[in-house]
Structure formats: C-alpha cells, structure tokens
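Working through the structure, step by step
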Amino acid sequence: PVSSGGSLYFDQSTISYLTLPSSNAFDLTGDFTIEAWVYMTTLLAGENGIFDARVNGQTPYPWLFYIDGNGKLSFYTGGTYTGETTISTGVWTHVAAVRSGSILTLYVNGVPDYTANIGTGAISPGTTSAFIGTKDYGINAQFRTINYITNLRFVNGTAIYTGSFTPPAGPLNNSQVENQSGA
C-alpha cells in the first residue's frame, strides 16, 4: 500500500491500541471520509476495530469503523452498515467509509461495497477519546484488534471519494482535493 514508511502493529494477544486525546474533533457534522490500509493475520470473532470514536464507558454510540467477525467492512452508528465483500487475511486491503450528503458508502479496494442513506444529521460523540486498532475500550471490555494499519486518514467535512477509485499508493496528506482519485 505504501512504498515507504511503515505500519502500526496491534498485537491481538496483548490487546494493543492507540488512544487519541479527548476532543470533539470526532463529531461528524457533514460529509466525511475515514480510510486506511489494513492487514489481518487473524480474523477474530466479533468486531475487529480500526477506528472507534464512541463515548468511553457510556452508551456505545455514535460511530465505529471496523471489520466484522465474518471479514466484512462495517460502520456502526446506532445501526450497523455492513458490506458484502469478505476481506481476506494475509493481504493488504484498502478500506474507506464516506458520507456524501446523506449517503454512506463503504469501499473495499476502491470499489463501492455498500451504500445506505444515513441522513445528514450530526453523528456526535461529544468530547471523547478515540481509539485506533481496537473497539469497545471500556464498553463491556470486549477488545478486538486489527493486526496492521497504515495510512489511516480521518477527514471531517469532505467526501474524498464519491465513486470507484484507485486506492492511494503513497502517503496520504491533509490537503487532498475532493474526489481526487474518484471516477
């Protein structure tokens, strides 16, 4: 996925993850893009978390980006939206969740995998810490991790992809124009 640099490794046996400082930056108030390259050596039962921005220890709302126990890309915000493609272990896979207007699209390797109308309302955890590489930190103590993540990008306010695209092969930046790689 990236010709130089590295990835984050999350050890499933020690429940490793990254914690981002408490902030309201994870409130999704309009269009957004969440994307990453992921590599699983083992698919665990339950949800294998990529990015979890839910209120720690309280209600499990509002959003979680993950791969479910069947290998399907999913996005949760009080309701679960799950793609059709099975993501294999042992291979780098580009995944993305994008809201453009009211439409949520899940992408696997640049191909739309699931589309739903989720409305335009804010998906707001309020001030909360976010977790990379896990899910459910502090909520029922059900930790699940993805093994490797690289080029994770969270863009609030822009739907970068609005159709099929070629996944980025180099490092991502914070100034990419909307739909730069889209069809």
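Scope of this entry: the structure provided in the associated data block. (Residues numbered from 1 in each chain as written. Predicted model: local features only at pLDDT ≥ 70, side-chain atom pairs only at ≥ 80, totals over all residues. Heavy atoms only, no water.)

1. What about the overall build of the protein?
Where we set the bar: In this text, helices come from DSSP runs of H or I with a minimum length of four residues, and strands from runs of E with a minimum of two, each type numbered from the N-terminal end. The rule is simple: take the accessible area with a 1.4 Å probe, protein chains only, and divide by the maximum for that residue type; under 20% is buried, over 50% is exposed, in between is partly exposed. Contact between two residues is taken to exist if any of their heavy atoms lie within 4.5 Å; hydrogens are not considered. Per-residue accessibility takes into account occlusion by the displayed protein chains alone, with areas from the Shrake-Rupley method and a 1.4 Å probe.
If you tally the helices and strands in the protein, you get zero helices and 12 strands. If you list the helices and strands of the protein from N to C, you get β-β-β-β-β-β-β-β-β-β-β-β. Residues counted as buried form 44% of the 183 residues belonging to the protein. Sequence-distant contacts, at least 24 apart, represent 63% of the contacts inside the protein between residues at least 6 apart. On the protein, roughly 7,700 Å² of surface is accessible, and the fraction owed to carbon and sulfur atoms is 48%.

2. Some details on the side chain of threonine 33
Using the following cut-off: The term polar contact refers here to a pair of N or O atoms within 3.5 Å; inside protein, the definition further demands a hydrogen-donor-capable atom paired with an acceptor-capable atom, and it admits residues adjacent in sequence only when both atoms are side-chain atoms.
When you line up the elements, threonine 33 lands in strand β3 (residues 32-39). We classify threonine 33 as buried; its relative accessible area is 0%. Here the side chain of threonine 33 touches isoleucine 160 through a polar contact of 2.8 Å, landing on its backbone nitrogen. Aside from chain neighbours lying at most four places away, what touches threonine 33 is Ala97, Val98, Arg153, Phe154, Val155, Thr158, Ala159, Ile160 and Tyr161.

3. Section: unusual backbone geometry
If you check the backbone angles, asparagine 109 has positive phi at about 55° while not being a glycine. Considering the arrangement of structural elements, one finds asparagine 109 in the loop between β9 (103-108) and β10 (111-117). For asparagine 109, a relative accessible area of 37% puts it in the partly exposed group. Here the phi dihedral of asparagine 151 falls at roughly 50°; this positive angle occurs in a residue that is not glycine. Within the fold, asparagine 151 resides in strand β12 (residues 148-156). Using a relative accessible area of 17% as the deciding quantity, one classes asparagine 151 as buried.

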